[in-house]
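# A closer look at the structure
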Amino acid sequence: EKEWPVLCLDDVSSEIDDGHQRRLLDMVDASGAQILATATHVSRTFEGMDECAVTRFHVEQGDVTRLL
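Residues numbered from 1 in each chain as written. Predicted model: local features only at pLDDT ≥ 70, side-chain atom pairs only at ≥ 80, totals over all residues. Heavy atoms only, no water.

## Regarding the overall build of the protein chain
The helix and strand inventory of the protein chain stands at three helices and four strands. When burial is assessed residue by residue, the protein chain has 18% of its 68 residues classed as buried. The contacts of the protein chain with a sequence gap of at least 6 include a subset with a gap of at least 24, amounting to 51%. Surface summary for the protein chain: the accessible area is close to 5700 Å², and the carbon and sulfur share equals 53%. (Helix = DSSP H or I, 4+ residues; strand = E, 2+ residues; numbered from the N terminus. Buried < 20%, exposed > 50% of the residue type's maximum accessible area, 1.4 Å probe, protein only. Contact = heavy atoms within 4.5 Å. Areas by Shrake-Rupley, 256 points an atom, 1.4 Å probe, with all protein chains shown as cover.)

Below is the structure:
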């Protein structure tokens with residue numbers, strides 16, 4: 001049986017610029033992998049993604065809240 005990876009991206013917006021973030025996310029999206037991305041703020045790159053494909057959470061002092 002074929003298994004798909006989970007790719008963890010930690011604070012991508014602080015490491016690479018918007019153009020390279022977009023290229024990275026486009027490549028990962030095309031791969032079919034599930035992505036777990038962390039960030040201290042939502043970059044413009046993530047704001048443009050299909051809302052059906054993205055679930056956002058806010059984590060503060062151990063409390064996790066799903067964002068709509």
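Read on for the rest.
## Some details on the pattern of salt bridges
Between side chains of opposite charge, a pair can form when the charged atoms approach closely. With the rule as written, the count across this model stands at one salt bridge. In this structure, the salt-bridge partner of Arg22 is Asp26, at a minimum N-O distance of 3.0 Å. Placement of both Arg22 and Asp26 in helix α2 (residues 18–31) is noted, with a separation of four residues, approximately one turn of the helix. (Salt bridge = Lys/Arg side-chain N within 4 Å of Asp/Glu carboxyl O.)

## As for the environment of Val12
By the secondary structure assignment, Val12 is in helix α1 (residues 12–15). Exposure remark for Val12: the relative accessible area of 9% places this residue in the buried category. Separated by 26 residues in sequence, Val12 and Thr38 place their C-alpha atoms 7.4 Å apart. Filtering out sequence-adjacent residues up to four positions away, Val12 remains in contact with Gln21, Leu24 and Thr38.

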